[in-house]
Amino acid sequence: MNAPVPPLTTTRAPAAPLSSEAALALTEVADWRELAVEASTLRDAGWGSVVTYSRKVFVPLTQLCRDVCHYCTFAKTPRRLEKPYLLPDEVLEIARAGAAMGCKEVLFTLGDQPELRYARARTALAELGFARTLDYLAYVAARVVKETGLLPHLNAGLLSAADLARLRSVAPSMGLMLESASERLCQRGGPHFGSPDKVPARRLETLRLAGEARVPMTSGILIGIGETRRERIESLLALRALADRYGHLQEVIVQNFRAKPGTRMHAAPEPSADELCWTIAAARLIFGPGMSLQAPPNLYAGDLADLVQAGINDWGGVSPLTPDHVNPEAPWPNLERLAADTERAGSMLAERLTVYPRYVQDKTTWIAPELHAAVLRLSDGAGLARVGQWAAGVPGFGDHDDLRDVALPVPRLASPIARIVTQTLEGRVPDAAQIEQLFDARGGDFTRVCAAADALRAASVGDTVTYAVVRNINYTNVCLYKCSFCAFSKGRAHENLRGRPYLVDLDEIQRRVREAWDRGATEVCMQGGIHPAFTGRTYLDICRAAKAAVPDIHVHAFSPLEVSHGARTLGLSLPDYLQALREAGLGSLPGTAAEILDDGIRRQIAPDKLDTQGWLQVVGAAHRAGLRTTSTIMFGHVEGYAHWARHLLRLRRLQRETGGLTEFVPLPFVHMEAPMYLRGQARKGPTLREAILMHAVARLVLHPLVPNIQASWVKLGPPWAQRCLQAGANDLGGTLMNESISRAAGAAHGQEFAPAEMEALAAGIGRPSRQRNTLYGAVDPARAGVAWRAAPLHELSNAALPRRPLPA
C-alpha cells in the first residue's frame, strides 16, 4: 500500500473585502481588463467553474404603474392596455405551459401600486375581490405554487414589513432593483423624476426590511442612466452594507440601460460593452467571492465570454416560452447557444432555482414552511434545480434529457475538479471539501469524474461484472422504529402505506431457504423490522433454522440495528452476541441502516435509531469478530453533498482500521411512498447525475481499501445500473428472487433479475460477467448452472400471525 500522503487542497483563503476608500479608488482604473484577473479569480473561489441561470416564465401581472421612469416601456397608462390585470386563469395557463417546458420559476413583474394613481386599477381590483395589487399578487402566487408546483419570484416594488411577511409565505424569493443610490437622479431632468417609488432611501428601506424578514432578495444597479462611476460604486457599497448586515441579498444584477423608442431617453447614449464589464469587475472586487453577480445576456450585444471574464457567475432568468416584457426588443438567447458561450468562456452552465442554494440548504431560516415541499421537490442535493424526470425505482424515465447540461462529451482541459481527480489518481486522499466538489461535477467535469472512476475500476478489479444468486427474506414489516423515510415498516403510524403487517414464521423461512437453494442460490439475505416481540434469541433461531434447512447456504443477515437490539435484549456485549450469531450460522452482515452517517441528518430522518457512532461500533465489532459486512448509503432526501462526503470518509476510516467491508452499495432514496416525502419534507431522491456520480466518487474516494462498488438494479433500473458499470461500479448485487423494501416505497423494477439478465446487461457494454458468492469468491460451475435452470417461485406465505410463534 502507498505511504499516506496529506489531503490535497484546491482553494485559497479569500482576500479581505475592499474598504470603501479602496472601492471608490477603482474609478481611477480605466480599462476593465486591469481588474478582470482578480475579479475572475474571486468568482472562481466562490462559484467554481459553474455559471447558473433560472429557467422561468415571465408574468406581467399588471403594467399599470404610478411611477414614470423616463427609460421604461413596461409601464403603460390605462388607455394603452386592453385590461389592467392578467386574470388568475391566464397566469396559471402561462405557468402550466412553462412547467411543461421544464421551467421552475414564475417571475411576477408589475408596476408599483397603480391603484394609488389610477381609478381603473382600483375598479379592476374591486371586481377581482381585492383592495390592493399586492393582495391580488399574494392570491395568484399562492395558486401558482399549489396548482403548478412552480416557484414565484416577486418583483413587487416597495413593500412594508407586513407586506413582506405575507408575501414570504407564497414566494421563496423577491426582487427590488436599487438601480442607483444617487438622489441626484430623482431631481428634475433626471430619469427618476416624478417616480416616488424610485427614491433611493425608500428602496433601501424595503431592502432593509426584507433582511429583517429573512427574505432572499435580488437587487442590483442600472448603469448608463446618467450616473457617474463614483455613484455606481456608492450604490454597490450601499447594497454590500445590507448584505453584510443581514445575509439576505442572494444576487446583485449589473444591468445596462437600453434606449427605447417612445421614451424620454430614446436618444440617450447606451453604456459601452467596456463600461458594463468595468462595472461587473468592480462589483466583484467590492462583493468578493460569495455574492452572486448577474448580467442579463439578452441585453448584451458583445461577446458573452467577456461578462464571464469580468466576474459574473449567473445569467439570470431565461425563458423558453415568454418574452422579456421589460425589454421586449431583446429576445432571450437560445439555451444551447448560452451553454456553448459559457463553455467557451471556460465555465459550465447549470440550472438553478429562483432561490439560491445556500438558502435552500438553510430553508428553516430563509424559506417559509409553506414552501418547503415545493422547493425540495424542484431541487437537487446542491440546492440547484433538479434536472430531468428520472427517479429511483420508477421505470420508463431517464432518457438523454436527464443528463442535459451535465454530461458533455469532451471534458474541458482544466478545472478545479480536474485537478482533484488527477491528484486523487496519484494517491492523495481528497478531504471533505474536495469530495463535495466531485459530487457537484457537471458537463465536462461529470464526464471526467466518471471516466476516471471507470479507468480506476478497470485497473483495480478488472472488467468482469460480478453478481450473486441470492434470495431476500424480509421476515417482518412490523417495527418499533419510526424512520421517516421507510414505507416498509408497519405500525399504527404507518397503516396508510403499502401492504399489510406480516410476520414470517420459522417454517416458512426454512421453506424459502430450501427453495432458494433448489433455484441455485448461494446466499439468503435476511432482514426485517424490529418487531416488539423480537429479542436476540429471535435472530439466533432464524440463523439456526436457515442452516438446518440448508447447511451449505450462506446466511447474510441482520442490520447493525438488529444486532444492537439483539445484544441489548439479551444483556450481552456486542462481541459476545456477534460470536453467538456466528456460532448459530451467521456468515456476514448487510451494512444497511447506515442511511447517512451524520447525526444531524439521522436526527431528522430516524431520531430513535442508532447514531453514527453506534452504527460504526456494531460494524467494527462484526469485523473484529471475523464477520465481513457490506456498507451502504441511502441518499437523495434531506441531506447534501457535504454529508455524502463525510459518509464516505467515515467508511474509508473504518475500512482502514478493520478491513472488513466487502463492498459499497449506493441506495438511491425511493420517494414515492416514503412518509417524509408525502409530508413534503424530502426531495424526490437523487437526480440521475447524482446517482451515477455516487458510484464514481465512491470508487475514487474508497480506493484501494474497498474494492467493490455495487449498482442496485432494483433502485436504478437495469439501463442505469449498466451506466453505473461504466462509471466505477463493478458489481450488480443479487438476483434477489423476492424484494419487499424498495417495492414498499414504490419501486417497480421487478423482484428478480435472473443470471441470464445479469450477463446480458454486462454483455451489452462489452464486459464479461461471472457469478460470485457473498464474499466475492468463485462459485462452482455445477452450482452456478442450477440457477440457469431455476423453476418458477412458489407463492409466498406472509401470515398475519405466525403459525408457530418466534421465540420472545
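Residues numbered from 1 in each chain as written. Predicted model: local features only at pLDDT ≥ 70, side-chain atom pairs only at ≥ 80, totals over all residues. Heavy atoms only, no water.

## Notes on the sheet that holds strand S14 (residues 586-589)
Within the open sheet, the 6 strands sit side by side as S11-S12-S13-S14-S15-S16. Their pairing is parallel. Of all the strands in the sheet, just strand S11 (470-474) and strand S16 (661-668) have a single pairing partner and so form its edges. If you compare each strand with its neighbour and ignore which way they point, the axes differ by 25° on average. Against the sheet, helix H18 (residues 506-518) engages S11 and strand S12 (523-527), with an angle of about 170° to S11. (Pairing = 2+ DSSP bridges. Helix = DSSP H or I, 4+ residues; strand = E, 2+ residues; numbered from the N terminus. Axes fitted to C-alpha atoms, helices over the stretch in contact; angles between N-to-C directions. Contact = heavy atoms within 4.5 Å.)

## What to know about the sheet that holds strand S10 (residues 465-468)
Across the sheet, which stays open at both edges, the 3 strands sit in the order S17-S10-S18 with parallel pairing between neighbours. A single partner strand is all that each edge strand has here, and the edge strands are strand S17 (731-734) and strand S18 (769-771). The average undirected angle you get between the axes of adjacent strands in this sheet is 15°. Both S10 and S18 contribute to a ladder of 3 bridges, which runs parallel. When the bridges of S18 are listed, Thr466 appears paired with Arg770.

## What about helix H16 (residues 432-439)?
All of the buried residues along H16 are Gln434, Ile435, Leu438 and Phe439. Considered in projection along H16, the buried side chains sweep an arc of 145° and stay on one side of the axis. Turning to H16, the residues buried within the fold contact helix H15 (416-425), helix H17 (443-461), helix H24 (641-658) and helix H26 (688-702). The N-cap of H16, judged by a side-chain oxygen 3.1 Å from the amide nitrogen of Ala433 a few residues on, is Asp431. (Buried < 20%, exposed > 50% of the residue type's maximum accessible area, 1.4 Å probe, protein only. Arc of directions from axis to C-beta. Polar contact = N/O pair within 3.5 Å; in protein donor to acceptor, adjacent residues only side chain to side chain.)

## Some points on the environment of Val469
Here Val469 is to be found in the loop between S10 and S11. What makes Val469 buried here is its relative accessible area of 2%. C-alpha separation for the pair Val469 and Gly571, spaced 102 residues apart in sequence, amounts to 36 Å. Every residue in contact with Val469, bar those within four places of it in the chain, is listed here: Arg519, Gly520, Ala521, Thr522, Glu523, Thr735, Met737, Pro755, Gln771 and Ala787.

## A closer look at unusual backbone geometry
One can expect most non-glycine residues to show negative phi and most peptide bonds to be in trans. With an omega of -5°, the peptide bond running from His703 to Pro704 counts as cis. Within the element layout of this structure, Pro704 appears in the loop between H26 and helix H27 (713-716). Backbone geometry places Ala593, a non-glycine residue, at a positive phi of 65°. When you line up the elements, Ala593 lands in the loop between S14 and helix H22 (599-605). Taking relative accessible area as the criterion, Ala593 reaches 12% and is therefore assigned buried.

## Some details on the environment of Tyr475
Relative to the helices and strands, Tyr475 resides in the loop between S11 and H18. For the pair Tyr475 and Leu503, spaced 28 residues apart in the sequence, the C-alpha separation amounts to 5.8 Å. Contacts of Tyr475, omitting those with residues within four sequence positions, involve Tyr502, Leu503, Val504, Ile509, Met526, Gln527, Gly528, Phe534, Tyr539, Ile542, Phe558 and Glu562.

## A few points about the confidence of the model for the protein
For the protein, mean pLDDT is 92; residues scoring 70 or higher make up 92% of the total. Low pLDDT, under 50, characterises residues 489-498; the stretch is placed with 28 contacts to residues that sit more than four places away or in other chains. (pLDDT = per-residue confidence, 0-100.)

## Some details on helix H2 (residues 33-47)
Taking 1.5 Å per residue, 15 residues should reach 21 Å; H2 reaches 20 Å between its end C-alpha atoms and fits that length. When H2 is considered as a whole, its buried residues turn out to be Leu35, Ala36, Ala39, Ser40, Leu42 and Arg43. Looking at the buried side of H2, the elements it contacts are helix H9 (273-287) and helix H10 (304-310). Phi turns positive, to about 65°, at Gly48, one or two residues after H2. (Expected span 1.5 Å × (residues − 1).)

## As for the packing of helix H20 (residues 560-570) against helix H21 (residues 574-584)
One can describe the packing of H20 onto H21 by two numbers: an axis separation of 9 Å at closest approach and a directional angle of 105°. Judged by the angle between their axes, H20 and H21 are roughly perpendicular. Note on element contacts: H21 touches H20 through Leu574, Tyr577, Leu578 and Leu581, opposite Val563, Ser564, Gly566, Ala567 and Leu570. For the contact of H20 with H21, the residue count by class is 7 nonpolar, 2 polar and no charged. (Parallel < 35°, antiparallel > 145°, perpendicular 65-115°, else oblique. Nonpolar A, V, L, I, M, F, W, Y, C, P; charged D, E, K, R; others polar.)

## Overview of the pairing of strand S13 (residues 554-557)
Burial along S13 is two-sided: the residues His554 and His556 and Val555 and Ala557 are all buried. Sheet topology places S12 next to S13; 4 bridges connect them, and they run parallel. Residue pairing for S13: Val524 is matched across the bridge by Val555. A crossover links S12 with its parallel partner S13, the connecting element being helix H19 (residues 536-549), and its sense is right-handed. Strand direction decides the pairing type here: S13 and S14, joined by 2 bridges, are parallel. Bridge assignment links His556 to a residue of S14, and that residue is Ser588. (Right-handed = clockwise from strand over helix to strand, strands pointing away.)

## A word on the pattern of salt bridges
Scanning the model with the defined rule gives 43 salt bridges in all. The partner of Asp274 in a salt bridge is Arg33, and the shortest N-O contact between them spans 3.4 Å. With Asp274 in helix H9 and Arg33 in helix H2, this residue pair connects regions lying 241 residues apart in the sequence. With a closest N to O distance of 3.0 Å, Arg646 and Asp598 form a salt bridge. Taken together, the residues Arg646 in helix H24 and Asp598 in the loop between S14 and H22 connect sequence positions 48 residues apart. The network of salt bridges with common partners includes Asp380, Asp440, Arg442, Arg689 and Glu690. (Salt bridge = Lys/Arg side-chain N within 4 Å of Asp/Glu carboxyl O.)

## Examining the packing of aromatic side chains
A complete count under the given rule lists 13 aromatic pairs for this structure. On the basis of an interplanar angle of 85° and a centroid distance of 5.4 Å, the ring pair of Phe635 and Trp644 is categorised as edge-to-face. For Trp644, a relative accessible area of 0% gives the class buried. Where Tyr641 meets Trp644, the ring centres are 4.9 Å apart and the plane angle is 45°; that geometry is what we call tilted. Remark: Trp644 and Tyr641 occur in helix H24; sequence separation between them is 3 residues, near one turn of the helix. Classification of Tyr641 as buried rests on a relative accessible area of 5%. Among the aromatic residues, those joined into a ring-pair cluster are Tyr85, Phe130, Tyr136 and Tyr139. The aromatic ring of Tyr776 is capped on one face by Arg772, whose charged end is 4.0 Å from the ring centroid. (Phe/Tyr/Trp six-rings, centres within 6.5 Å; stacked < 30°, edge-to-face > 60°. Lys NZ or Arg CZ within 6 Å of the ring centre and 35° of its normal.)

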